[in-house]
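Observations on chain architecture
Each chain, letter by letter, is given below.
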Amino acid sequence: MCPLLGVFRSKYYAWIERGRESNYAASDRRLLVLMRSLHQEWGGILGYRRMHACLQEHYGESIGKHRVRRLMRLAGLMGIPKKRRRQRRPARSDRNLPDLLQRDFSAPEPNRVWVTDITELKTGEGKLYLCVIKDLYDGAITAWKTGTRPTAEWVTSTVEMALVKRPESRGAILHSDHGSQYTSERYRRCLQQHGLQISMGRVRTCADNASAESVFGQLKRELVRQSQFRTRQEATEKINHYFLNLYNPWRRPPLVSNRPKAIQACNSREQDAVC
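Residues numbered from 1 in each chain as written. Predicted model: local features only at pLDDT ≥ 70, side-chain atom pairs only at ≥ 80, totals over all residues. Heavy atoms only, no water.

Contact pair helix H3 (residues 23-41) / helix H4 (residues 48-59): the axes reach a minimum separation of 11 Å and the direction vectors enclose 105°. The orientation of H3 with respect to H4, classified from their angle, is roughly perpendicular. On the side of H3, the interface is formed by Leu34, Met35, Leu38 and His39, while H4 contributes Met51, Cys54, Leu55 and Tyr59. Taken together, the residues of the contact of H3 with H4 break down into seven nonpolar, one polar and no charged. (Axes fitted to C-alpha atoms, helices over the stretch in contact; angles between N-to-C directions. Helix = DSSP H or I, 4+ residues; strand = E, 2+ residues; numbered from the N terminus. Parallel < 35°, antiparallel > 145°, perpendicular 65-115°, else oblique. Contact = heavy atoms within 4.5 Å. Nonpolar A, V, L, I, M, F, W, Y, C, P; charged D, E, K, R; others polar.)

Structure representation (structure tokens):
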């Protein structure tokens, strides 16, 4: 039968010893075990793109994205999907505060275009506010800070923190929404003092600041909704760990260098961002 089908007898007997399973099927089974372990280790937040990067970077697997997606679908593994939101009709923009980005969330080089925003988180002790500044060149969170009150002084201290880490950012654009902290006189003086250009999207439309909003969307999907913060201190520590060990190292394109359990802070700059 083997000569008739053009099969080596050794291959046939090896197939019998493997329980009539092909090499490809055996490889799929091995990968599924590894992928289930990784998915559980990361708390169920890895989609197929991050799973593909993890398998390549940490385990040296030569595997395509489509195969990873097929195996994850077969095993019922998936990341945390985004929720669709209704878009509000934008109001008139303030001509005194120009929109220098016009929804073009890209930058030709580092520290040229930043976006910033504020979000509110719930803890057992009450509300906690988070302000972030993101560099549009590589998607890194340049600085972030938590606080109990969303004041203009707190926002400007976040800006100053980013400037301490990246003093070469003079002349950069800092884009935000029309929150009261960003329209305050203190915030404008801070940007003018440090040579930053102010830019704001329209009122009542988060799409004009979508790049900053996407940071909070991902943070809430992957951390906030998976946790229950008992204290503000606990929430701050977990947010610091998330940005240092997950968001910044794993942003696209993936910039990962160590195995998941051994990932440390990416560099001294990001360590300085801890509030």
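With that settled, consider the sheet that holds strand E2 (residues 126-135). Taken in spatial order, the five strands line up as E3-E2-E1-E4-E5 in an open sheet, and their pairing is mixed. The open sheet is flanked by strand E3 (141-147) and strand E5 (197-200), the only strands paired with a single partner. On average, each strand axis in the sheet is tilted by 25° relative to the strand beside it, whichever way the strands run. Packed on one face of the sheet, helix H8 (residues 210-222) meets strand E1 (113-123), E2 and E3 and runs near 35° to E1. Sheet contacts for helix H9 (residues 232-250): E1, E2 and E3; angle to E3, the most-contacted strand, approximately 170°. (Pairing = 2+ DSSP bridges.)

This brings us to the pattern of salt bridges. Side chains carrying opposite charge are able to pair once their charged atoms draw close together. The tally for this structure, following the rule as stated, stands at 11 salt bridges. One salt bridge connects Asp28 with Arg70, and the closest N-O pair in it is separated by 3.0 Å. On the criterion of sequence distance, the pair formed by Asp28 in helix H3 and Arg70 in helix H5 (residues 65-75) is long-range, its members being 42 residues apart. For Arg70, a relative accessible area of 36% puts it in the partly exposed group. A salt bridge links Arg112 to Glu109, with the shortest nitrogen-to-oxygen separation between them at 3.7 Å. A residue is classified by how much of its surface remains accessible, and Arg112, at 22% relative accessible area, is partly exposed. (Salt bridge = Lys/Arg side-chain N within 4 Å of Asp/Glu carboxyl O. Buried < 20%, exposed > 50% of the residue type's maximum accessible area, 1.4 Å probe, protein only.)

What is shown is where atoms sit, not what they do.
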